[in-house]
Each structure stands twice: as structure tokens, then as C-alpha cells.
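The primary structure of each chain is shown beneath.
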Amino acid sequence: MNVEVAYARERAQALIPVKGQQGITLAEAIERSGILERFPEIDLDVNKVGIFGKVAKLDQVLASGDRVEIYPPLIADPKQARKQRATGAKAEDGKAAAEESKASAANA
């Protein structure tokens, strides 16, 4: 049975083929790949893992052809970042409208 273990960060990526027997788990594939030695920043207690883009548990049994992915930790909460961007855009819109209003009043 063949699977792949993938990890990517800004300046380095790895896609490592792993052979195993039927019933190999996600954790076993990661261990056999040697990726933990190659990228010591990976902490399986912190980094989420998945199969083809879907988060999975370390004890998940793999099927032949699966791609195991190790996800880097998020720098910011995506929901919070989106909310901050939206709040900032609203503030900018309000500021622009106020400046237009001042300009119109000064020209009148």
C-alpha cells in the first residue's frame, strides 16, 4: 500500500512517499516518512493533520493512494481576521463619506 505525507511552509515543502501494510494509520505514516526529523517544528500535539484537505485524527486508518497532510498552526483566527478587515473597511467608508461631506460644505 502506498501513501504520501505532505508538509509545506513558506520556504520549504515536502511530499514523501510511504509504503505500508494494510491498516497503517495516519500517525504511523507520518513516523515512517521521517518528516518529523526533517521539520523539527512539527508538533503533532499542535499541528492539525488531514487526508486530502479534510482534518483527520492520528489513529485514522489510511487507504492506498491517500495523501496525509500536516497543517502549520494558524497565525490568526480566520473568523477574527475577517471581522477585523470588515470593521476596517466600514471605518474607511465612513471616513471617506465624512471627508466628502466636508468638501461639499466648504464649496457651497
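Note: the structure precedes this text.
Conventions used here
Residues numbered from 1 in each chain as written. Predicted model: local features only at pLDDT ≥ 70, side-chain atom pairs only at ≥ 80, totals over all residues. Heavy atoms only, no water. Buried < 20%, exposed > 50% of the residue type's maximum accessible area, 1.4 Å probe, protein only. Helix = DSSP H or I, 4+ residues; strand = E, 2+ residues; numbered from the N terminus. Arc of directions from axis to C-beta. Contact = heavy atoms within 4.5 Å. Pairing = 2+ DSSP bridges. Axes fitted to C-alpha atoms, helices over the stretch in contact; angles between N-to-C directions.

1. Digging into helix α1 (residues 26-33)
Of the positions making up α1, those classed as buried are Leu 26, Ala 29, Ile 30 and Ser 33. Projection of α1 onto a plane perpendicular to its axis shows the buried side chains occupying an angular sector of 100 degrees, all on one side. Among the exposed residues of α1, those oriented more than 90 degrees off its buried face are Glu 31 and Arg 32. In this structure, the buried side of α1 is in contact with β1 (2-9), β2 (12-19), α2 (35-38), β3 (48-51), β4 (54-56) and β5 (67-71). Among the residues trailing α1, Gly 34 stands out with phi positive, at a value near 80 degrees.

2. Observations concerning the pairing of β5
Regular strands place their side chains on alternate faces of the sheet. Of the pairings in the sheet, the one linking β1 to β5 comprises four bridges and is parallel in character. In the sheet register, Tyr 7 faces β5, and the bridge partner there is Ile 70. Here four bridges tie β3 to β5, and the two strands are oriented antiparallel to one another. The partner of Lys 48 across the bridge, within β5, is Tyr 71.

3. Focus on the environment of Gln 21
By the secondary structure assignment, Gln 21 is in the loop between β2 and α1. For the pair formed by Gln 21 and Ser 64, sequence separation is 43 residues and the distance between their alpha carbons is 9.4 Å. Ignoring anything within four residues of it in the chain, the contact list for Gln 21 reads Met 1 and Arg 32.

4. Thoughts on the sheet that holds β3
Strand order in the open sheet formed by five strands is β2-β1-β5-β3-β4, with mixed pairing between adjacent strands. Two strands bound the open sheet, and with one partner strand each, they are β2 and β4. Taking each pair of neighbouring strands and ignoring which way they run, the sheet shows an average axis angle of 30 degrees. Sheet analysis places β3 next to β4, joined by three bridges and oriented antiparallel. Bridged to Gly 50 within β4 is Val 55. Across the sheet, α1 lies against β1, β2, β3, β4 and β5, angled at about 110 degrees from β2, the strand it touches most.

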